[in-house]
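Each chain is listed here by its residues.
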Amino acid sequence: MEKTISINVGSSTLKFKLFEMPEETVIASGAVDRIGIDGSVFTIKTADGQKKEIKQPIKNHEEAVNLLLNELLSQKIIKSYDEITGVGHRVVAGGEIFKDSALITDKTLQQIEDLKEYAPLHNPANAVGIKAFKKVLPDVTSVAVFDTSFHESLPAKNYIYSIPYEYYEKYGVRKYGAHGTSHKFVAGRAAKLMGKPLEELNLITLHLGAGGSITAIKHGESYDTSMGFTPLSGITMATRSGDVDASLVAYLMEKLQVKNPNDFIDILNKKSGLFGISGISPDLRDIEDQKDSNPRAQLAIDIFVNNIVKYIGSYAAELGSIDGIVFTAGIGENSWKMRGRIGRALKLFNVEVDDEINQNGSGARFITKPNSGVSMMVIPTDEELAIAREVEKFKNEK
C-alpha cells in the first residue's frame, strides 16, 4: 500500500504523521523534540495505540529523519522505504512566488531559503527538513505546502500596507498571513457541519495556539487575516507581541541600547505576548492557574480575549455578515474557559454559549445554543491530513 508522510519541522523539532493513501488512514505519528539540544527525545505512536519513547542525543535534523525512518522499519510499520511514495512538508512563507503547493525541486528549495526574511523562525528550519528527507528519499514525490497559499485570495485593499507603494513593487512588502492550511481545512469541515456549501458561507476562523491568527473567510476564500508580512503581527500570542506601534520599536531600541533591529525583533518574537505580560509562562494553562492570585496573569488573559474580540468585530464588519465562528488549534480546541470568555464578550452578535457542550463535549461540534445569533464551533485542525491531500494531487498528475 502507498503511504504519504506529512512533516512539520521547527528549529529544534520534527513532527510527523504517516498516512495510508488514498484511504487517509493514520498508521503512525509522533515527534522528535530538542534536536541539537540536551535531552533529545523521539516519540512514536502507532494506530493500535502503542507508544514508544527513545531518549538519545540527536545532533541535527538529518539524524532525526534517519531515526524516524529506521524506527518505521524496525517496528514493521513499513516493510521498506519504497512504501513511502510521498512526503509533504509544511512551509510557512511562500511570498508571492508560491500561490499554491509546489513540487520540490532544487529551484523550489532555493526559493524557500530565499524567503527566510518573511518567516525567519520557520522557513530556514523548513528547508533543513526538506534537505534531510531528500537525502534519504531522493526519488519520492516531495511537495511543499505553504501556510500563505490560502491567503492569496486577499483583495489588495487588505494586503497592501499604507507605506510607499514602491516598497511593495520592489521588495514584496505586503500582508501574507499564515496558518492558511489550518484555516482552509477547518472552514471546509465547518461547512459540512453546518450542512451548507462553503461558497455560501462567511466564517471567522480562530487558529489559537502558541502562534495565533484569525481569518475572515468570504464565500469560502480568505478575505482578511490577522498575521501580516511575517507571523509576528496580529493578536497577542504565547511569546509574540502581535500588533505594536512601529514607533515603539525605535523608542525601545534607544532606551534598551539595542543596536541590531533583529535583536529587538527577537524580543517581540520570543519574550513578549502572554509570557511578556504575565511574567509567568508562555503556556496559557500556567497562566490560568495563577490568574486568581497574580494580577498580571489575569491581565494577560484579558488582553488575549480583547485582541481576539476586536478582530472578530472588525472582520464581521468587513464581511457584512457572519454565519459561523470556528475555534481550532491547541487553545482553540482545548480551552473551554477561553472559548467561553470570547463567546460571552460577543454580546453584540447575540452569541449564546452552551456551557455544557462547550465544557464537556468532544470532537467537531457546535458550542452555542440553537437560538444563538451566530453559531460557534470547535473543529480540530488536521494540517497533516491537509498536507497529505496536497501530495496526492501531485502523485495523480504523474
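Residues numbered from 1 in each chain as written. Predicted model: local features only at pLDDT ≥ 70, side-chain atom pairs only at ≥ 80, totals over all residues. Heavy atoms only, no water.

J.: I'm lost on the side chain of His207 in this one. Help?
T.: Topologically, His207 is positioned in strand β9 (residues 202-208). If we skip the residues at most four places from it in the chain, His207 touches His179, Ser182, His183, Gly212, Ser213, Thr328, Ala329 and Glu383. (Helix = DSSP H or I, 4+ residues; strand = E, 2+ residues; numbered from the N terminus. Contact = heavy atoms within 4.5 Å.)

J.: What am I meant to see in the nonpolar core here?
T.: Generally speaking, nonpolar side chains in soluble globular proteins are found buried as a group. Within the largest apolar cluster, 39 residues are counted, with the highest numbers of intra-cluster contacts made by Ile325 and Ile342. Taken together, the elements giving at least two residues each to this core come down to β9, β10 (212-218), α10 (284-290), α11 (295-319), β12 (324-328), α13 (336-344) and β14 (375-378). By residue number, the principal contributor to this core is α11, which donates twelve residues. Discounting chain neighbours no more than four positions away, the residues touching Ile342 are Leu208, Val305, Ile308, Val309, Ile312 and Phe327. In this structure, Val9, Leu69, Ile84 and Phe133 belong to the second largest nonpolar core, which totals 29 residues. (Core = buried A, V, L, I, M, F, W, Y, C linked by side-chain atoms within 4.5 Å. Buried < 20%, exposed > 50% of the residue type's maximum accessible area, 1.4 Å probe, protein only.)

J.: I'm lost on the sheet that holds strand β13 (residues 365-366) in this one. Help?
T.: The strands making up a sheet associate through hydrogen bonds between their backbones, and the pairing can be parallel or antiparallel. With respect to topology, six strands assemble into an open sheet ordered β11-β10-β9-β12-β14-β13, the strand pairing being mixed. Of all the strands in the sheet, the pair left with one neighbour each is β11 (221-225) and β13. Of the strand pairs in this sheet, β13 and β14 are connected by two bridges, and their pairing is antiparallel. Each bridged residue has a counterpart across the sheet, and for Arg365 the counterpart in β14 is Val378. Running at roughly 130 degrees to β9, helix α6 (residues 180-194) makes contact with β9, β10, β12, β13 and β14 of the sheet. (Pairing = 2+ DSSP bridges. Axes fitted to C-alpha atoms, helices over the stretch in contact; angles between N-to-C directions.)

J.: Please explain the sheet that holds strand β8 (residues 141-146) as it appears in this structure.
T.: Taken in spatial order, the eight strands make up an open sheet running β5-β4-β3-β2-β1-β6-β8-β7, and their pairing is mixed. Only two strands of the sheet have a single neighbouring strand rather than two, namely β5 (51-55) and β7 (102-103). Sheet analysis places strand β1 (residues 3-9) next to strand β6 (residues 84-91), joined by five bridges and oriented parallel. Looking at the pairing, Thr4 lines up with Gly86 of β6. Most of the contacts of helix α3 (residues 123-136) go to β6, to which it runs at about 170 degrees, and overall it touches β1, β2 (14-20), β6 and β8.

J.: Help me understand the layout of surface pockets in this model?
T.: Any empty space left between atoms is shown by rolling a water-sized probe over those atoms. Here the largest pocket defines a volume of roughly 1300 Å³. No other element matches helix α12 (residues 329-334), which puts four residues into the lining of the largest pocket. Partitioning the lining of the largest pocket into residue classes produces eleven nonpolar, 18 polar and eleven charged. Listing elements by their share of the lining of the second largest pocket, those giving two or more residues are α7 (246-255) and α8 (261-270). The residue makeup of the lining of the second largest pocket, split by class, is 13 nonpolar, eight polar and five charged. (1 Å grid on protein atoms, 1.4 Å probe; cavity = no way out; pocket = protein on both sides within 12 Å on 5 of 7 lines; lining within 4 Å. Points joined across faces, edges and corners; volume = space filled by probe spheres on them. Nonpolar A, V, L, I, M, F, W, Y, C, P; charged D, E, K, R; others polar.)

J.: Just checking my understanding: could you explain the environment of Pro380 for this structure?
T.: Mapped onto the fold, Pro380 is located in the loop between β14 and α15 (383-397). With 46 residues separating them in the primary sequence, Pro380 and Asn334 have C-alpha atoms 9.4 Å apart. For Pro380, the residues in contact, after removing those within four places along its chain, are Phe185, Val186, Thr328, Glu333, Gly363 and Ala364.

J.: Where do I start with the environment of Ala64 in this structure?
T.: Locating Ala64 in the fold gives a position in helix α1 (residues 61-74). Taking the C-alpha atoms as reference, Ala64 lies 27 Å from Thr148; in sequence the two are 84 residues apart. With residues up to four places along the chain from it excluded, the contact list for Ala64 reads Leu14, Val32, Ile35 and Ile58.

J.: How do you make sense of the pattern of salt bridges when you look at a structure like this?
T.: Opposite charge on two side chains makes pairing possible when the charged atoms of those side chains draw close. The full count for this structure, using the stated rule, is 19 salt bridges. Of the charged contacts, one joins Lys99 and Glu152 as a salt bridge, the two residues approaching to 3.1 Å between their closest N and O atoms. Of this pair, Lys99 sits in the loop between β6 and β7 while Glu152 is found in the loop between β8 and α4 (156-159), placing the two residues 53 residues apart along the sequence. Among the salt bridges present, the one from Asp266 reaches Lys270, with a minimum N-O distance of 3.3 Å. (Salt bridge = Lys/Arg side-chain N within 4 Å of Asp/Glu carboxyl O.)

J.: Would you explain empty space enclosed by the protein in this entry?
T.: On inspection of all chains with the given rule, the structure shows three cavities of 30 Å³ or more. Taken together, 13 residues line the largest cavity, and the ones lying closest to its centre are Ala93, Tyr118, Thr148, Gly177 and Phe229.

J.: Hey, could you run me through the environment of Tyr311 in this one?
T.: Residue position: Tyr311 is located in helix α11. The exposure class of Tyr311 is buried, given its relative accessible area of 17%. For the pair formed by Tyr311 and Leu206, sequence separation is 105 residues and the distance between their alpha carbons is 9.9 Å. In contact with Tyr311, other than residues within four places in its own chain, are Ile214, Ser226, Gly234, Ile235 and Asp243.

J.: Teacher, can you tell me more about a nonpolar patch on the surface here?
T.: There is a patch of nonpolar side chains on the surface, built from Tyr161, Ile163, Tyr167 and Tyr171 and spanning about 390 Å² of accessible area. With respect to the helices, strands and loops of the structure, Tyr167 is situated in helix α5 (residues 165-171). On the accessibility criterion, Tyr167 (34% relative accessible area) is partly exposed. (Patch = residues over 30% accessible without salt bridge, like charges linked within 9 Å, V, L, I, M, F, W, Y side chains within 5 Å. Areas by Shrake-Rupley, 256 points an atom, 1.4 Å probe, with all protein chains shown as cover.)

J.: Mind showing me how you'd approach the packing of aromatic side chains here?
T.: For any pair of aromatic rings, geometry is given as the distance between the ring centres together with the angle between the planes. For the coordinates displayed, the defined rule picks out nine aromatic pairs. On the basis of an interplanar angle of 20 degrees and a centroid distance of 6.3 Å, the ring pair of Phe16 and Phe42 is categorised as stacked. Highlighted residues: Phe16 in strand β2 and Phe42 in strand β4 (residues 41-46), separated in sequence by 26 residues. Residue Phe16 shares its accessibility class with Phe42, and that shared class is buried. Ring centres 5.6 Å apart and planes at 65 degrees place the aromatic pair Tyr311 and Tyr315 in the edge-to-face group. Here Tyr315 and Tyr311 lie together in helix α11, a separation of four residues that amounts to about one turn. Accessibility classification places Tyr311 together with Tyr315 in one group, the buried group. A network of ring pairs unites the aromatic residues Tyr118, Tyr176 and Phe229 as a single cluster. Above the face of the Tyr159 ring, Arg174 is positioned so that its terminal group lies 3.7 Å from the ring centre. Positioned above the aromatic ring of Tyr223 is the side chain of Lys218, whose terminal nitrogen or guanidinium carbon lies 4.7 Å from the ring centre. (Phe/Tyr/Trp six-rings, centres within 6.5 Å; stacked < 30°, edge-to-face > 60°. Lys NZ or Arg CZ within 6 Å of the ring centre and 35° of its normal.)

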